[in-house]
Amino acid sequence: MTNGTIRLPGADGQLRTYTPRTAPLVVSAGTPLTSRTVFSAAHVVADPFADVSPDSPAAVDWDATLAFRRHLWSHGLGVAEAMDTAQRGMGLDWAGAAELIRRSAAEAKSVGGLIACGVGTDQLTGPASLPDIRKAYEEQLALVEESGAQAILMASRALAAAARGPEDYLEVYGHLLRQAAEPVVLHWLGPMFDPALDGYWGSSDLDAATETFLAVIAAHPDKVDGIKVSLLDAQREIDIRRRLPQGVRCYTGDDFNYPELIAGDDKGFSHALLGIFDPLGPLAAQAVRVLDTGDVKGFRELLDPTVELSRHLFQTPTRFYKTGVVFLAWLAGHQSHFTMVGGLQSARSLPHFARAYELADDLGLFPDPALAQARMKNLLSLYGVAQ
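Being a predicted model, the structure only gives us computed values, none of them experimental.

(A) Representation of the overall build of the protein chain in the model. Tallying secondary structure elements over the protein chain gives 14 helices and 10 strands in all. Against the globule reference of 21 Å for 387 residues, the protein chain gives a C-alpha radius of gyration of 20 Å, in line with a compact fold. When the backbone C-alpha atoms are referred to their principal axes, the protein chain occupies close to 65 × 50 × 45 Å. Of all intrachain contacts in the protein chain linking residues separated by at least 6 positions in sequence, the fraction that spans at least 24 positions is 70%. Per element, the accessible surface of the protein chain, about 15,300 Å² overall, is 51% carbon and sulfur. Seen as two clouds, the 33 positive and the 46 negative side-chain charges of the protein chain have centres 2 Å apart.

Next up, the structure:
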């Protein structure tokens, strides 16, 4: 094979020849975004030299983790910290998340970066009562507020297990919103991202769950900055968006349909809080800057071609999308290794990685295409693929 090509395995088990790009996509400087508020949910970088097992507390490379956040801020993006993209509840426990929040919030202050942090109940390790759940939420909310970051009230596995119906969600969320110092973001994470959240808001019927979700917001509109909907259902997000009280924003969490949701229509649009904007950061920011000028067509021309990559990374089982996100960060040179907390680098197949590499390279996402190609070849060689 020539130096300019690479052999990649397909889903059919056959090798094919791919010719990578020789130059990355060129993006403009990271000037502030004006027409949309855009958060990237950011991954954590594991410490590859830590002698840990998948069951051990996460060993984090703090320098590389914070450097990646500075990369996102440099492009004008906000950072959504300690969310599921950071393997919250899939390798990163509450102790690790708390340290991540403290460090990232301090870093945000030092560079003037926008940051919002996840508040959950993951310090609870077994069955919990509603008072236990409220207390756990309160502990995490206090830490985030003390850090100076905005709070994102995440869906709680403990609450999903303990709640007897919609009234328990109304009670718990009402209690938290009444005591929140500043308006928060409410996060509805669907079971495709976390099966333990099935039936959230008191029903597996999404229409009924939506009514409870909207009732929480309607009762406390002054305490809700916005909502993040991660159901991979564009029409449902649009329907919810149109029913929000004045001043409450919708942050799309739909990694399948984000270009059309951010672009919006004559009745409104979504802001963004997306895991796919971790690997897409510079390109996504460039697209929103085009949108800032009123050029919807130009925005879609930049962002629409990224959807195939996003749908690939978020394919079933969707919760393992983090593996592809970290894989692309390694190929892009944001970290020196492909290791994840909890050993999650094993959660996707070699053909999946090969297709992710091909799609990302075609978009020009790698600042150094030669480095990405060399690292991809190293991975392939570990799997026995000769070049």
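(B) Highlighting the environment of Leu 231. In this structure, Leu 231 sits in the loop between strand 8 (224–230) and helix 7 (234–242). Looking at Leu 231, the relative accessible area reads 8%, which means it is buried. Sequence spacing of Leu 231 and Met 192 is 39 residues, and the spatial spacing of their C-alpha atoms is 7.7 Å. Sequence-distant contacts of Leu 231, that is, excluding residues within four places in its chain, are made with Trp 188, Gly 190, Met 192 and Arg 236.

(C) Looking closely at helix 13 (residues 350–363). Compared with an ideal rise of 1.5 Å per residue, which puts 14 residues at 20 Å, helix 13 spans 20 Å between its outermost C-alpha atoms and is within 8% of the ideal. Taken together, the buried positions of helix 13 are occupied by Leu 350, His 352, Phe 353, Ala 354, Ala 356, Tyr 357, Glu 358, Leu 359, Ala 360, Asp 361 and Leu 363. Along its buried surface, helix 13 packs onto strand 1 (6–9), strand 2 (15–18), helix 9 (281–292), helix 11 (307–313), helix 12 (321–331) and helix 14 (369–382). Where helix 13 terminates, the next one or two residues include Gly 364, which has phi positive at roughly 80°.

(D) The arrangement of empty space enclosed by the protein in detail. Tallying each qualifying case throughout the model produces 1 cavity of 30 Å³ or more. What lines the largest cavity is a set of 14 residues, and nearest its centre among them are Asp 84, Thr 85, Lys 228, Gly 275 and Tyr 321. Contributions of two or more residues to the lining of the largest cavity are made by strand 8 and strand 10 (271–274).

(E) Fine view of the packing of aromatic side chains. By the definition in use, this model includes 20 aromatic pairs. Every member of this aromatic cluster is reached through a ring pair, and the members are Tyr 137, Tyr 169, Tyr 173, Trp 188, Tyr 200, Trp 201 and Phe 213. A cation over a ring is seen here: Arg 36 above Phe 269, with NZ or CZ 3.5 Å from the ring centre.

(F) Here's a closer look at unusual backbone geometry. Of note, the bond from Thr 316 into Pro 317 is cis; its omega dihedral lies within 30 degrees of zero at -5°. Within the secondary structure layout, Pro 317 lies in the loop between helix 11 and helix 12. Notably, Ala 82 is not glycine yet its phi reads approximately 55°, a positive angle. Looking at the secondary structure, you find Ala 82 in the loop between strand 4 (78–81) and helix 2 (94–111). Classification of Ala 82 by relative accessible area gives buried; the value is 0%. The phi torsion at Gln 87 lies on the positive side, around 65°, for a residue other than glycine. Here Gln 87 lies in the loop between strand 4 and helix 2.

Conventions adopted
Residues numbered from 1 in each chain as written. Predicted model: local features only at pLDDT ≥ 70, side-chain atom pairs only at ≥ 80, totals over all residues. Heavy atoms only, no water. Helix = DSSP H or I, 4+ residues; strand = E, 2+ residues; numbered from the N terminus. Rg over C-alpha atoms; globule rule 2.2 N^0.38 Å. Contact = heavy atoms within 4.5 Å. Areas by Shrake-Rupley, 256 points an atom, 1.4 Å probe, with all protein chains shown as cover. Lys, Arg positive; Asp, Glu negative; His and termini not counted. Charge placed at Lys NZ, Arg CZ, Asp CG, Glu CD. Buried < 20%, exposed > 50% of the residue type's maximum accessible area, 1.4 Å probe, protein only. Expected span 1.5 Å × (residues − 1). 1 Å grid on protein atoms, 1.4 Å probe; cavity = no way out; pocket = protein on both sides within 12 Å on 5 of 7 lines; lining within 4 Å. Points joined across faces, edges and corners; volume = space filled by probe spheres on them. Phe/Tyr/Trp six-rings, centres within 6.5 Å; stacked < 30°, edge-to-face > 60°. Lys NZ or Arg CZ within 6 Å of the ring centre and 35° of its normal.

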